[in-house]
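# Notes for the structure review
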Amino acid sequence: MIDHRRLGRELDVFDSDPLIGAGLPFWLPEGAAARHEVEAYVRDLERRAGYRHVYSPALGKQQLYELSGHWSHFAGDMFPPLPSGAAGEALMLRPSLCPHHALIFGSRQRSYRDLPLRIAELGTMYRAERSGVLGGLHRVRAISLNDGHIFCPADRAGEEVAGVLRLMRRAHDALGVRPSSYRLSLRGEGGAYAGDDDAWERAGRLLRRALDEVAVPYEEAPGEAAFYGPKIDVQVADPAGRESTLATVQIDFHQPARFDLSYADASGGRARPVMVHRSLVGSFERLFAHLIEAHGGAFPVWYAPVQLAVVPVSAGQLPAAEAFARDAIAAGLRAEVHADGSVGARIRDAAGRKVPYVAVIGAREAAGGRVALRLRDGRRLPPGPGAEAIALVSAVAAARTGDLRA
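Residues numbered from 1 in each chain as written. Predicted model: local features only at pLDDT ≥ 70, side-chain atom pairs only at ≥ 80, totals over all residues. Heavy atoms only, no water.

Right, let's get into the overall build of the protein. Helix and strand counts for the protein come out as 13 helices and 20 strands. Principal-axis analysis of the C-alpha atoms places the extent of the protein at approximately 75 × 45 × 40 Å. Across the 406 residues that make up the protein, the buried fraction comes to 50%. Of all intrachain contacts in the protein linking residues separated by at least 6 positions in sequence, the fraction that spans at least 24 positions is 70%. Summing over all exposed atoms, the protein offers an accessible surface of approximately 18,200 Å²; the carbon and sulfur share of this is 50%. Charged side chains of the protein number 50 positive and 48 negative; the gap between the two group centres comes to 3 Å. (Helix = DSSP H or I, 4+ residues; strand = E, 2+ residues; numbered from the N terminus. Buried < 20%, exposed > 50% of the residue type's maximum accessible area, 1.4 Å probe, protein only. Contact = heavy atoms within 4.5 Å. Areas by Shrake-Rupley, 256 points an atom, 1.4 Å probe, with all protein chains shown as cover. Lys, Arg positive; Asp, Glu negative; His and termini not counted. Charge placed at Lys NZ, Arg CZ, Asp CG, Glu CD.)

Put into structure tokens, the structure is as follows:
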């Protein structure tokens, strides 16, 4: 069975060190290259969907999380307060980004003409996870979250949730993510939840309506809601069939009230916005844990760490191989030259590293400015001009599919 902890280390995606600490993995160059490509894609997808990106600090005063409700409902999952040096003031590593985004909304006067205001951020948050549940990238203590919040009038919340579900589908299709189920997470009996019954019922109705609009089958999960509101959780399964939550969208009437958020409505009065929390792909740690296992390390071409390995048959073809690699890099591809060891060993090494394309350059190819492409699926193409090989790989990468078309 494929385990991302083993395969991710073999493919140089990530590693860890006891001196850094449990649940705090670091990304190696191969993994960082793949992650950077996915981050850029998600940011662009969000931008085209009307999101505006922000940055916010990973620290906040304890009073911030008391106001948001995280301290009273979530303190067991938070790291202890840090003394700041100021009398009576303690700072905390944030357990979520939503309090910061609420303050960003409240930092300016807002009008109904400004809504919906969609803001997004790839930000770090921290959870004091028990050491026994930590493992690889799936459960970590420092979380890089693709987060976003939509502030809108109450009568627009269902429409915004449906839009989020459609945007999730686009992102998941491009990444090769196949959700195993959708879950409507609701309040359970005896839990500690914030807000009144009417708000919870209204939020639940809006989420059900959005799921029906997008024609997504779902099951209800009482007791799995966030403390401030119900949510839709997008589940994925590992090779053993165990499910976990990858993406989510939530409706929150609670925090806009706690932060006293308002906007000028069309009549000139003040109205309270609804806060839609959403993450298209979840944390990048859990996302890549799933992608490694789902693809067996053979990432789609567009975010493969190395898209093109260049193999000169002998030292005499090394200058031609280096020139071809430079052209590929200039065209935007991630290419590298493999020059050490036998030709067979270098080709096998590229296959073991799941490189989508290998360009072999022998004496004939070097003399004619040509390369012979080998595809990850085992196919071989006849030698052709180097520029055509670069154009082929570039077209497949730009299409953002798993297709190694020839």
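Here we come to the side chain of Arg-141. Looking at the element boundaries, Arg-141 is found in the loop between strand E7 (117–126) and strand E8 (142–152). There is no salt bridge for the buried Arg-141, and the closest opposite charge comes from Glu-129, which lies 7.3 Å off by N-O distance. Here the side chain of Arg-141 touches Glu-129 through a polar contact of 2.9 Å, landing on its backbone oxygen. Residues within four places of Arg-141 in sequence aside, it is in contact with Ala-22, Gly-23, Leu-24, Phe-79, Met-125, Tyr-126, Arg-127, Glu-129, Arg-130, Ser-131 and Leu-134. (Salt bridge = Lys/Arg side-chain N within 4 Å of Asp/Glu carboxyl O. Polar contact = N/O pair within 3.5 Å; in protein donor to acceptor, adjacent residues only side chain to side chain.)

Once that is clear, we can look at empty space enclosed by the protein. On inspection of all chains with the given rule, the structure shows 2 cavities of 30 Å³ or more. In this model, the largest cavity occupies a volume close to 80 Å³. Along its surface, the largest cavity is lined by Leu-11, Val-13, Glu-30, Gly-297, Phe-299, Ala-304, Pro-305, Val-306, Arg-353, Lys-354 and Val-355. Grouping the amino acids of the lining of the largest cavity by side-chain chemistry returns 7 nonpolar, 1 polar and 3 charged. Of the pockets and cavities examined, the second largest cavity occupies roughly 60 Å³. Considering the residues around the second largest cavity, the lining is formed by Glu-39, Val-42, Arg-43, Glu-46, His-53, Ala-120, Glu-121, Leu-122, Asn-146 and Phe-284. (1 Å grid on protein atoms, 1.4 Å probe; cavity = no way out; pocket = protein on both sides within 12 Å on 5 of 7 lines; lining within 4 Å. Points joined across faces, edges and corners; volume = space filled by probe spheres on them. Nonpolar A, V, L, I, M, F, W, Y, C, P; charged D, E, K, R; others polar.)

Quick look at the pattern of salt bridges now. All told, the structure shown has 27 salt bridges when counted by the stated rule. Put simply, Arg-139 and Glu-129 hold a salt bridge, and the shortest N to O gap is 3.1 Å. In this pair, Arg-139 sits in the loop between E7 and E8 while Glu-129 sits in the loop between E7 and E8, placing the two residues 10 residues apart along the sequence. Within this structure, Glu-30, Glu-336, Asp-349 and Arg-353 form a network of salt bridges that share partners.

Taking strand neighbours across the sheet as the criterion, the 3 strands line up as E4-E6-E5 in an open arrangement whose pairing is antiparallel. Both edges of this open sheet fall to strand E4 (59–61) and strand E5 (82–83), since each of them pairs with a single strand only. Two elements, E4 and strand E6 (residues 90–93), share 3 bridges in a ladder whose sense is antiparallel. Bridge pairing links Gly-60 to Met-92 in E6. (Pairing = 2+ DSSP bridges.)

It is worth spelling out the sheet that holds strand E3 (residues 52–53) at this point. Here 8 strands make up an open sheet; going across it, the order is E3-E7-E8-E15-E12-E11-E9-E10 and the pairing mixed. Here the strands that pair on one side only, and so sit at the sheet edges, are E3 and strand E10 (219–222). Sheet analysis places E8 next to strand E15 (residues 274–279), joined by 5 bridges and oriented antiparallel. Of the residues in E15, the one forming a bridge with Phe-151 is Met-275. Contacting E7, E8 and E15, helix H5 (residues 98–106) runs over the sheet at an angle of about 35 degrees to E8. (Axes fitted to C-alpha atoms, helices over the stretch in contact; angles between N-to-C directions.)

Next up on the list: the packing of aromatic side chains. The relative placement of two aromatic rings is captured by the distance of their centres and the angle of their planes. Under the defined criterion, the tally for this structure stands at 8 aromatic pairs. A centroid spacing of 5.4 Å and a plane angle of 90 degrees characterise the contact between Trp-27 and Phe-288, whose relative ring orientation is edge-to-face. Of this pair, Trp-27 sits in strand E2 (residues 26–27) while Phe-288 is found in helix H9 (residues 284–295), placing the two residues 261 residues apart along the sequence. Accessibility assignment for this pair places Trp-27 and Phe-288 in one class, buried. Considering the side-chain rings of Trp-302 and Tyr-303, the 4.8 Å spacing of their centres and the 80 degrees angle between planes classify their relative orientation as edge-to-face. Grouping aromatic residues by their ring pairs yields a cluster made of Trp-27, Tyr-41, Phe-288, Phe-299, Trp-302 and Tyr-303. The aromatic ring of Trp-27 is capped on one face by Arg-35, whose charged end is 4.9 Å from the ring centroid. (Phe/Tyr/Trp six-rings, centres within 6.5 Å; stacked < 30°, edge-to-face > 60°. Lys NZ or Arg CZ within 6 Å of the ring centre and 35° of its normal.)

Take the environment of Ser-144 next. For Ser-144, the location among the structural elements is in strand E8. The spacing of Ser-144 and Gly-282 is 138 residues in sequence and 8.5 Å in space, taken between C-alpha atoms. Not counting residues up to four positions away in its chain, the partners in contact with Ser-144 are Arg-35, Leu-122, Gly-123, Thr-124, Gly-282, Ser-283, Phe-284 and Glu-285. Polar contacts involving the side chain of Ser-144 include one to the side chain of Arg-35, which spans 3.2 Å.

With that settled, the discussion passes to the layout of surface pockets. The calculated volume of the largest pocket comes to roughly 1,200 Å³. Lining the largest pocket are 43 residues, with Phe-74, Met-125, Arg-127, Lys-231 and Gln-250 positioned closest to its centre. Within the residue set of the lining of the largest pocket, elements represented by two or more residues are helix H4 (70–74), E8, strand E11 (231–237), strand E12 (243–252), E15 and H9. In terms of residues, the lining of the largest pocket owes the most to one element, E12, which gives 5 residues. Class assignment for the residues of the lining of the largest pocket results in 17 nonpolar, 13 polar and 13 charged. Roughly 370 Å³ of internal volume is contained in the second largest pocket. Going through the elements one at a time, helix H1 (4–10), E11, E12 and H9 are the ones with two or more residues in the lining of the second largest pocket. The greatest single-element share of the lining of the second largest pocket, amounting to 4 residues, is contributed by H9. Its residues assigned to classes, the lining of the second largest pocket comprises 8 nonpolar, 5 polar and 7 charged.

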